[in-house]
Amino acid sequence: MKPETIAIHTPGIGRDGAVAASIQLSTTWQHGPAYENLHGFTYVRDTNPNVADLEARLAAMEGGAVAAAFASGMAAGAALLAGLPEGCRVIFHHDLYHDFRNLAAATFPVRKIEAVFIDMTDLEALGDALTDNTALVWFETPSNPKLDIIDIAAVSRLAHEAGTQVAVDGTFATPVLQRPLDLGADYVIHSLTKYMGGHSDIQGGAVIAREDNDAARALFATRKVTGGVLSPFNAWLVSRGLQTLHCRMEAHCRNAGVLAEFLSAHDRVETVHYPFLSGRAGEDIARAQMKAGGGMLSVEIVGGRDGALAVASRVKLILNATSLGGVESLIEHRASVEGPTPRSPQGLLRLSVGLENADDLIEDLDQALDF
Ligand SMILES: *Cc1c(COP(=O)(O)O)cnc(C)c1O
């Protein structure tokens, strides 16, 4: 089956014959006198039918053997990192979702895990950073917020030669545009809060593993004891979101492509970061591993921080808000979001391009850039 069909028909119609999935809110199931599992489920923190259905759909869409859904993207990523052995090394691409950087800083030292940040577009730098004790290579592609493109197949090849596993945060691309497991990655991580949910109204996360092995099973054990399980209602909403993901992504990509062209030609814009922009670093890799450029872009505004804040304060239709992947267009001054030691350039604005008519978005940006 093709991904669009999988998204709609996996795991298939429920036993009750209802075409639209039901929501099962029960926190507990009747069991036998010695805790015999009679109905496939026992306690909601372990798993529940809506979470299990969502996981089946996510695994199929990514071409993975198993998926584990969590209460947030952070909980998903944290569960994967929790399985790493003490004293190992983790190599991250340096343009990394800021809370994963914070998580590594907060939790790695006591476990004597070393976080190494490199430019993973430079495969030689990766080769140099890979050591015998490197347990994981982790990157986003496209990355947040600079839309760097990492060659999934090349990085996976190098990492595997060194006996290291590869995790790709595919939040920006979704499985509709890019399937990292097909290209050699071992894990895909998603914030379901973004495109997968798609309507800015749920929080969730997932790890999808290429193989169903002890390491993948450990994700469920970690989820059970740390309690980061996704709620049934949120699982139901994400499953619903996935059914329209391919149409929404088409429209997000179309609008973002139009905006990227418009912004590239504007004299108040210094740089546009968008994967399919012609002549940009990584364009060839992006075109090879992604079906389209995605709905995210960032721009560096002439005048640095003052210029960026001027634009952010002048937009009328586009909302100043964090997060991404919803139907409405959002803009944010990333450095302001990243706390006291921001890594994003002060002139950078990140845009999550929504599903409005592109003409209206251009009109709004055009007047906002006239500062
Ligand atoms: C939002 C985001 C996360 C974190 O997900 P939450 O659902 O907010 O916990 C991780 N990675 C990327 C690339 C994100 O954009």
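Here is a short report on the structure shown in this document. (Residues numbered from 1 in each chain as written. Predicted model: local features only at pLDDT ≥ 70, side-chain atom pairs only at ≥ 80, totals over all residues. Heavy atoms only, no water.)

1. Things to note about the packing of aromatic side chains
Part 1 of the reasoning: The final tally for this structure, using the stated rule, is seven aromatic pairs.
Part 2 of the reasoning: For the ring pair Phe-92 and Phe-117, a centre distance of 5.3 Å and an interplane angle of 20° mean the geometry is stacked. A residue pair is termed long-range when its members are at least 10 positions apart, and Phe-92 in strand β2 (residues 89-93) and Phe-117 in strand β3 (residues 114-118) qualify at 25 residues.
Part 3 of the reasoning: Among the residues examined, Phe-92 registers a relative accessible area of 0% and is labelled buried.
Part 4 of the reasoning: On the basis of relative accessible area, Phe-117 is assigned to the partly exposed category, the value being 31%.
Part 5 of the reasoning: Connected via pairs of aromatic rings, a cluster forms that spans Phe-92, Tyr-97, Phe-100, Phe-108, Phe-117 and Trp-138.
Part 6 of the reasoning: Looking at Arg-101, its charged tip hangs above the ring of Phe-117, at a distance of 4.1 Å from the centre. (Phe/Tyr/Trp six-rings, centres within 6.5 Å; stacked < 30°, edge-to-face > 60°. Helix = DSSP H or I, 4+ residues; strand = E, 2+ residues; numbered from the N terminus. Buried < 20%, exposed > 50% of the residue type's maximum accessible area, 1.4 Å probe, protein only. Lys NZ or Arg CZ within 6 Å of the ring centre and 35° of its normal.)

2. Some thoughts on a nonpolar patch on the surface
Part 1 of the reasoning: A surface patch of nonpolar side chains, amounting to about 280 Å² of accessible area, comprises Ile-23, Leu-25 and Phe-233.
Part 2 of the reasoning: Take Leu-25: it is sitting in the loop between α1 (3-9) and α2 (49-62).
Part 3 of the reasoning: The exposure class of Leu-25 is exposed, given its relative accessible area of 57%. (Patch = residues over 30% accessible without salt bridge, like charges linked within 9 Å, V, L, I, M, F, W, Y side chains within 5 Å. Areas by Shrake-Rupley, 256 points an atom, 1.4 Å probe, with all protein chains shown as cover. Salt bridge = Lys/Arg side-chain N within 4 Å of Asp/Glu carboxyl O.)

3. Digging into the sheet that holds strand β5 (residues 165-169)
Part 1 of the reasoning: Taken in spatial order, the seven strands line up as β1-β7-β6-β5-β4-β2-β3 in an open sheet, and their pairing is mixed. A strand with exactly one partner marks an edge of an open sheet, and here the two such strands are β1 (66-70) and β3. Strand-to-strand twist of the sheet, defined as the mean angle between neighbouring strand axes without regard to direction, takes the value 20°.
Part 2 of the reasoning: Alignment of β2 against β3, held across five bridges, turns out to be parallel. Looking at the pairing, Arg-89 lines up with Glu-114 of β3.
Part 3 of the reasoning: Most of the contacts of helix α6 (residues 152-161) go to β5, to which it runs at about 155°, and overall it touches β4 (134-140) and β5. (Pairing = 2+ DSSP bridges. Axes fitted to C-alpha atoms, helices over the stretch in contact; angles between N-to-C directions. Contact = heavy atoms within 4.5 Å.)

4. Here we look at the sheet that holds strand β9 (residues 296-301)
Part 1 of the reasoning: Across the sheet, five strands lie side by side as β8-β9-β12-β11-β10; this open sheet has mixed pairing. Looking at strand neighbours, the two that pair on one side only are β8 (269-273) and β10 (319-320), the edges of this open sheet.
Part 2 of the reasoning: Together, β8, β9 and β12 (348-352) form the strand contacts of helix α10 (residues 245-264), whose direction differs from that of β9 by roughly 15°.

5. A closer look at the site of the ligand
Part 1 of the reasoning: Near the ligand there are 16 residues, and of these Met-74, Asp-169, Ser-191, Thr-193 and Lys-194 occur at the shortest range.
Part 2 of the reasoning: Between the ligand and Asp-169, the relevant distance is 2.6 Å, taken from a nitrogen atom to a side-chain nitrogen or oxygen of the residue.
Part 3 of the reasoning: Interatomic distance of 3.2 Å between a side-chain N/O atom of Gln-203 and an oxygen atom of the ligand.
Part 4 of the reasoning: For the ligand, whose free accessible area comes to 380 Å², the fraction covered by protein is 94%.
Part 5 of the reasoning: Its residues assigned to classes, the shell around the ligand comprises five nonpolar, eight polar and three charged. (Near = heavy atom within 4 Å. Polar contact = N/O pair within 3.5 Å; in protein donor to acceptor, adjacent residues only side chain to side chain. Nonpolar A, V, L, I, M, F, W, Y, C, P; charged D, E, K, R; others polar.)

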